[in-house]
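The primary structure of each chain is shown beneath.
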Amino acid sequence: MTDHSLLFETFWTPAEPGGNPLYVLHLTNNGTAPLSGFTLCFNGPARLVANADIENGRLVRRFSNHTEIAPPQGFVLTPGASWEAKARQLSYPLRHWSDGARSAYVVTADDATIPARVLPTASTIVDNAPLRGTARAAVPFDPPEQLAVIPWPQQVTGIVAGQTPEGLALSDGPAAANTAADAFRDLTAQLFPGEAVVRGAHEGGLTVHFAERAGAAEAYRIDFEARGVLVTASAAAGFLYGLITLGQILRGAKRHRASFVFPSAGSIEDAPRMDFRGCHLDVVRQFYAGDEVKRLLAVMAWNKLNRFHWHLTDDEAWRIEISAYPELTERAAWRGHGLAVPSMLGSGALPTGGYYTQDEVRDIVALAGRYAIEVIPEIDVPGHSFATLQALPELRDPDETGEYASVQGVPNNCLNPAQPKAAAFMDTVLRELATLFPSRVLHIGADEVPLGAWSGSPMALAMLAELAGEEAGRAHKYRNNVETNADGADDIEGATTAILQAEFLRRVQETVKALGCISGGWQEAAHGDVLDKAASYLVGWRDVPVSARLAGQGYDMVVSPGQAYYLDMAQSVDWNEPGAGWAGAPSPRDTYDFDPVEGWTVEQLTHFKGIQACIWSESMADRGVFDRLVFPRLSAIAETAWTPWTAKNWDRFIVNAALMPNLYGHWA
């Protein structure tokens, strides 16, 4: 036993009607030395209110979900003893075990840090049995369909069961087919090492022939014969998708020979329902190394998803190398005790984090291209920029006073639209990004700018006065484009914040357009109605009616509502399920059955681009939680994006989902 060995436990009791919840914090000294004059630091998605009262302790600091508390004056934590404190005031209450503390450490009187072992938060109302890993349905002997394919193809005809080959032998073909074949070899080796999905004819591989035909780039046809298979398509993407369908059929027939078949006759004619079939990944709240991102791209390709929205910056970190501003990755890519950004969301006292070099970005983008995936980088501005401003404080108004906070409790986190250095910063960053991402789409965020942002900035107030003088009634115009607050009311402060944000976005989009790119944004980018709609699109995240309304205003829309397509949401309301709960608890069936364009008019549908899964990472310090939250719901979204609505079938889908890959191999 060491001198200092600490155990941190937390217990949650929900509020009774008319009362407050109870969050019990319990620190035990299992070491051999006493502790005194210390501060306990812990973090996880749950957040105390800014000035919370602590029973049997005092609040030293609360920064978003990072909390520091101290015991009563003179308290000594002797070996074998415990200290228990209680909090009843939370701005983000616990709904699931993963909302609780995920990391903790003690800071001693001489500023040394001691890590604590942290147990999953227990609830007093249920047995604590936290769930992790992907839940898989059993494969029956008589599945709804004989073929194991996700997303289900547009048309399947004349299927006759044949002998299952050991693998697929890919013959030489047109250039586009050869490109796809090489990508398919890499893809199957990445996802299913040791299975030899691709093998030579002398190793039992069934010959796959290729031929070109006219048609859409992502469409393909497969014709089965006993002695071989013919895949026809017009482009590499179509050939690749045809091979992926073949690979799925093969794996199903090999792994479950009594349930699935490999055809000796019949055909598949296929093309996607939607053009934009996306998956977003937040690499800020938790960092994912390059190889993890590459595996996610492979999983996406296996699901025939074709847009990777890479969320690279936020309040908690900056994750991409920008050569003109090395401070961004030196200071803002890391969290920890005494650093510019404190430990948060499961990170501890030691520096935690990372970033992608520009060479790594090029490598990832190139791999995505081989998998028929476009990469869309996001630099989230002007809000969600705390880490950026910590690295580059000169981007602030030096005379700004007062404090505002985001909905996540992060203070003063917005780039200032009136600061010339901030404008120069955005210009430089966007120019570097444009050289790295051939998709020519740059996502600029624009979500969740707090009401009251810049209200204490003389620079911003001077800009506001100048804008108001340029056009009479402009404030009224912007006020009418501000979404309502949670209580349903707009206010003058909110309107003026939107005016400044809109001017910021207008200038940023000018740079994006000058670079030959289009801009993506979250739905709040519509505030002020300043974006060039012909050179932008929005991601609607609140609900379908908001996306429909914006489509009716002429914005191209990608639909990604939190209540169905945010994969950080827990899959049920059960305490033992991990994940967030502010947008609900969509089960895989809920996600599968969700109609992203329900109630849309014919005119609104002309601005519908497609759908996107969003993987926000606040709850995912534990990678087993990642797998449980993302799968099979990612495949459910992929099938909605590809398969005709009338051809969807939940019973078929959930059986076939048992064969789909996940990211880390965590099984129920």
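It should be noted that the structure appears before, not after, this text.
Residues numbered from 1 in each chain as written. Predicted model: local features only at pLDDT ≥ 70, side-chain atom pairs only at ≥ 80, totals over all residues. Heavy atoms only, no water.

Peer 1: Where do I start with unusual backbone geometry in this structure?
Peer 2: What you tend to see is this: most non-glycine residues have negative phi, and most peptide bonds are trans. Between Ile-150 and Pro-151 the backbone carries a cis peptide bond, its omega angle lying at -5°. Within the secondary structure, Pro-151 is located in the loop between strand E14 (122-123) and strand E15 (155-162). Phi at Arg-440 takes a positive value of approximately 65°, unusual for a residue other than glycine. Here Arg-440 lies in the loop between helix H7 (420-436) and strand E28 (441-445). Arg-440 gets classed as partly exposed once you look at its relative accessible area, which sits at 30%. Residue Ala-446 is not a glycine yet carries a positive backbone phi of 80°. Summarising the element assignment, Ala-446 is placed in the loop between E28 and helix H8 (458-470). Assessed through its relative accessible area of 0%, Ala-446 is described here as buried. (Helix = DSSP H or I, 4+ residues; strand = E, 2+ residues; numbered from the N terminus. Buried < 20%, exposed > 50% of the residue type's maximum accessible area, 1.4 Å probe, protein only.)

Peer 1: Please explain the pairing of strand E4 (residues 39-43) as it appears in this structure.
Peer 2: Regular strands have side chains that alternate between both faces of the sheet. Most of E4 is tucked away, with five of its five residues classed as buried. Burial of E4 is two-sided: the residues Thr-39, Cys-41 and Asn-43 facing one way and the residues Leu-40 and Phe-42 facing the other way are all buried. Bridge count between E4 and strand E12 (residues 103-107): five bridges; the pairing is antiparallel. Along E12, the bridge assignment pairs Phe-42 with Ala-104. (Pairing = 2+ DSSP bridges.)

Peer 1: Is there a simple way to think about the environment of Ser-64 in this case?
Peer 2: Structurally, Ser-64 is set in the loop between strand E7 (58-63) and strand E8 (66-70). Spatially, the C-alpha atoms of Ser-64 and Val-407 are 9.1 Å apart, while their sequence positions differ by 343 residues. Ignoring sequence-local partners within four residues, the contact set of Ser-64 consists of Arg-47, Met-344, Gln-408, Gly-409 and Val-410. Of note is the side chain of Ser-64, whose polar atom sits 2.7 Å from the backbone oxygen of Gln-408. (Contact = heavy atoms within 4.5 Å. Polar contact = N/O pair within 3.5 Å; in protein donor to acceptor, adjacent residues only side chain to side chain.)

Peer 1: What am I meant to see in the pattern of salt bridges here?
Peer 2: Under the defined criterion, the tally for this structure stands at 31 salt bridges. Between Asp-532 and Lys-513 there is a salt bridge, and its shortest N-O distance comes to 2.7 Å. Note that Asp-532 is positioned in the loop between strand E29 (518-522) and strand E30 (536-540) and Lys-513 in helix H10 (residues 492-514), a separation of 19 residues in sequence. You can call Lys-513 partly exposed: its relative accessible area is 40%. As a salt-bridge pair, Glu-577 and Arg-628 come within 2.9 Å of each other at their nearest N and O atoms. One end of the pair, Glu-577, is in the loop between helix H12 (562-565) and helix H13 (588-593); the other, Arg-628, is in helix H15 (residues 623-630), and 51 residues separate them in sequence. The exposure class of Glu-577 is buried, given its relative accessible area of 9%. Salt bridges here are not isolated pairs; linked through shared partners, they connect Asp-282, Arg-285, Asp-314, Glu-316 and Glu-618. (Salt bridge = Lys/Arg side-chain N within 4 Å of Asp/Glu carboxyl O.)

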